[in-house]
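Descriptive structure summary
Listed below are the residues making up each chain.
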Amino acid sequence: MIELSSPRLTLRKIMLADTAQLVLLRSDERVNRYLNRPATTSYEGAVEFIVNILAADAHYWVITLKDETKLIGTICLWNTDHKRSVVEIGYELLPEFQGKGIMSEALSAVIAYNFDHLKFKTIVGTTHSENVSSIKILENNGFKRDVAREQQLQTEGGVVQEIVYSLKK
């Protein structure tokens, strides 16, 4: 796992030492409001999640402030489609760090890493239609609404409240 950095942030590999902060992040109702996943409310659940991420050798980074080790969020590239050269981006940030440009800065570093090293030609970001902050982050980083992918989601799963954005190299 490659460590990434930006002017204010370090994006590093997740560790078992992040367990308590991960529970805070993944159990916060404000963070989970627009996510379709169960909250991680136990230490054991967080450890299991970390172990699975480490075993998968995933592109999953913990976001920390520069020169600090405390997890304030996560960002990942997942749901890879090597045949079509598409990868999906996912991210979450503790509420007290939202609205400060942190996620946009982290996203920018991960986008550059993808296009420079992983070489996926398209990055897809899926978000809830009411998640204005996430939509703004994607748009501010060059993502464009991808109606064709949205229609595919609707065809596969019925009524969907998610919207899809894509960024192509």
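The structure under discussion appears in the preceding block.
Residues numbered from 1 in each chain as written. Predicted model: local features only at pLDDT ≥ 70, side-chain atom pairs only at ≥ 80, totals over all residues. Heavy atoms only, no water.

**A word on the packing of aromatic side chains**
To describe a pair of aromatic rings, you give the distance between the ring centres and the angle between the ring planes. Under the counting rule described, the total for this entry stands at two aromatic pairs. Between Phe49 and Tyr60, the ring centres sit 5.6 Å apart and the planes meet at 70°, which makes this aromatic pair edge-to-face. With Phe49 in helix H3 (residues 43-56) and Tyr60 in strand E3 (residues 59-65), this pair connects stretches of sequence that are 11 residues apart. (Phe/Tyr/Trp six-rings, centres within 6.5 Å; stacked < 30°, edge-to-face > 60°. Helix = DSSP H or I, 4+ residues; strand = E, 2+ residues; numbered from the N terminus.)

**Focus: the pattern of salt bridges**
Overall, the coordinates contain eight salt bridges when judged by the stated rule. The residue Glu150 makes a salt bridge to Arg145 at a minimum N-O spacing of 2.5 Å. The structure contains a network of salt bridges with shared partners spanning Arg26, Arg37 and Glu92. (Salt bridge = Lys/Arg side-chain N within 4 Å of Asp/Glu carboxyl O.)

**Side note on helix H1 (residues 19-27)**
Among all positions in H1, only Thr19, Gln21, Leu22, Val23, Leu25 and Arg26 are buried. Structurally, H1 contributes buried residues whose contacts are with helix H2 (29-32), H3, E3, strand E4 (73-81) and strand E5 (86-93). (Buried < 20%, exposed > 50% of the residue type's maximum accessible area, 1.4 Å probe, protein only. Contact = heavy atoms within 4.5 Å.)

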